[in-house]
Amino acid sequence: MYRIGGIEAGGTKFVCVVANQADEILARSVIPTTTPDETFAAAIRFFRDQGGVEALGLASFGPLILDRRAPNYGALGPTPKPGWAGADLVGTFRDALGAPVALDTDVNGAGLAEAKLGAGRGLDVLAYVTIGTGVGGGLIVRGRPVHGLTHPEMGHVRVRRDPLDGDFPGVCPFHGDCLEGMAAGPSVMRRLGHPLNQATPDHPIWTILGHYIGEFCATLTLVASPERIILGGGVMSNAALFPRVRAACAETLAGYLPHPRLAGDAADYITPPGLGDQAGAIGALLLAEEAFRGE
Ligand code: ZN
């Protein structure tokens, strides 16, 4: 039995947990994300108060420097969050806790948790996508999140404009009308002036979002051939979106892929998460297990 720590590092809060194994959490502390110095110090204090940890996993907001050959490996990249660009996540915690530290994106952490313990258990290739304040996605292949040039940034792929959406320009500061610009929470706020869950059931926004997200699922299916696509995040907590997303995915694929899981209503192919809001912290603990094993 060994003691591991995990941090789900978000733009508004750091959720810190200590556990004996990934799904056996012993203690938890939620720390507001203020300055890096203050936030790191509070997190380090929590782990020390718990008697320390033998390894730590961090599932963090990004962008992150994940290239192990880079001199600034383990730091935050050019995030717009004031004061956080360049903050050294891995170095700070490794030095303070004297333990190995593993780092990945928040979405890869959550995807890893879903693949090992949630709605993707038993599958070799899983896609996990969160649609909330932004859109992020990870591909988990045989228990490992895919990394290459950098980490996937699938929230920024282009989608075809829905005629119902008029000339809405989208809200992504980089691309305007990419998926995130057209389907994340802020795009709904910009169009309606209120969140999605306050829209009437017959409002066209449901069809519009279903179209964008469903078309994206078809793209993901064609590119990566996942065995399941898990859709999480605040926008997807509106269950009424799922049938629309599945229908739009099927319409885009147009019967081209004759797999039984894609037939009918595809309810077993495009699914909600299994771990709810626990996925991030559990993912961080799974990363800690990898760090402990020296992977
Ligand atoms: Zn974009």
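Cut-offs applied
Residues numbered from 1 in each chain as written. Predicted model: local features only at pLDDT ≥ 70, side-chain atom pairs only at ≥ 80, totals over all residues. Heavy atoms only, no water. Helix = DSSP H or I, 4+ residues; strand = E, 2+ residues; numbered from the N terminus. Rg over C-alpha atoms; globule rule 2.2 N^0.38 Å. Buried < 20%, exposed > 50% of the residue type's maximum accessible area, 1.4 Å probe, protein only. Contact = heavy atoms within 4.5 Å. Areas by Shrake-Rupley, 256 points an atom, 1.4 Å probe, with all protein chains shown as cover. Disulfide = S-S within 2.5 Å. Domains from an automatic or database assignment. Buried area = accessible area lost by both parts, 1.4 Å probe. Salt bridge = Lys/Arg side-chain N within 4 Å of Asp/Glu carboxyl O. Nonpolar A, V, L, I, M, F, W, Y, C, P; charged D, E, K, R; others polar. Donors = N, O, S within 2.8 Å, 3.2 Å for Na, K, Ca; no water. Tetrahedral: all angles 85-135°; square planar, octahedral: opposite > 155°, others 65-115°. Right-handed = clockwise from strand over helix to strand, strands pointing away. Phe/Tyr/Trp six-rings, centres within 6.5 Å; stacked < 30°, edge-to-face > 60°.

K.L.:
How do you make sense of the overall build of the chain when you look at a structure like this?
P.N.:
Looking only at helices and strands, one finds eight helices and 10 strands in the chain. For 295 residues, the compact-globule estimate of 2.2 N^0.38 gives 19 Å, and the C-alpha radius of gyration of the chain, at 19 Å, lies within 12% of that figure. Overall, the chain is about 55 × 40 × 35 Å in size when its C-alpha atoms are taken along their principal axes. Each of the 295 residues in the chain was classed as buried or not, and the buried ones make up 53%. A sequence separation of at least 24 residues applies to 61% of the contacts in the chain between residues at least 6 apart. For the chain, the accessible surface area stands at approximately 13,200 Å², while carbon and sulfur atoms represent 54% of it.

K.L.:
So what exactly am I meant to see when it comes to the state of the cysteines here?
P.N.:
Joining two cysteines, a disulfide is a covalent bond between their sulfur atoms. As enumerated under the stated definition, the model contains zero disulfides in all. Cysteine C217 shares no disulfide, and the gap to the nearest cysteine sulfur, in C249, comes to 5.5 Å. On the accessibility criterion, C217 (0% relative accessible area) is buried. What makes C249 buried here is its relative accessible area of 3%.

K.L.:
What is the right way to read the domain arrangement of the chain from this model?
P.N.:
When the parts come together, some accessible area is lost, and that loss is often what is quoted as the size of the interface. Examined at the domain level, the chain breaks down into domain 1 (4-105 + 277-293) and domain 2 (119-272). The straight-line distance from the C-alpha centre of domain 1 to that of domain 2 is 28 Å. Together, the buried faces of domain 1 and domain 2 total about 440 Å²; carbon and sulfur atoms form 50% of this surface. On inspection of domain 1 and its partner domain 2, the count reaches one salt bridge. As a salt-bridge pair, R144 and E290 come within 3.7 Å of each other at their nearest N and O atoms. Classifying every residue of the side of domain 1 that touches domain 2 gives three nonpolar, one polar and two charged.

K.L.:
Can you help me understand the coordination of the zinc ion in this one?
P.N.:
Six octahedral donors around a metal ideally subtend angles of 90 or 180 degrees, whereas four tetrahedral donors ideally subtend 109.5 degrees. Around the zinc ion, the donor atoms from the protein are H156 (ND1), C172 (SG), H175 (ND1) and C178 (SG), and they sit 2.1 to 2.4 Å away. With four donor atoms in place around the zinc ion and angles of 103 to 121° between them, the coordination shape is tetrahedral. For the zinc ion, all donor residues lie on one chain, and their spacing in sequence is H-x15-C-x2-H-x2-C. Here H156 is found in the loop between β8 (144-145) and α4 (179-183), whereas its partner H175 is found in the loop between β8 and α4, with 19 residues between them in sequence.

K.L.:
Would you take a moment to explain the pairing of strand β5 (residues 101-105) for this structure?
P.N.:
Here is the key point about a regular strand: its side chains alternate between the two faces of the sheet. Among the five residues that make up β5, five are buried, leaving the element largely enclosed by the rest of the structure. For the segment spanning strand β4 (residues 55-60), helix α2 (residues 89-97) and β5, crossover handedness is right-handed.

K.L.:
It is not clear to me how the packing of aromatic side chains should be interpreted in this structure. Could you clarify?
P.N.:
Given two aromatic rings, one states the distance between the centres and the angle between the planes to describe the pair. Following the criterion strictly, the structure yields seven aromatic pairs and no others. Pairing F40 with F93 gives two aromatic rings, centres 5.3 Å apart and planes at 70°, and the pair type is edge-to-face. Of this pair, F40 sits in helix α1 (residues 36-49) while F93 sits in helix α2; the two residues are 53 residues apart in sequence, bridging distant segments of the chain. When its relative accessible area of 0% is taken as the criterion, F93 is described as buried. Linked through ring pairs, F14, F40, F61, W84 and F93 together constitute an aromatic cluster.

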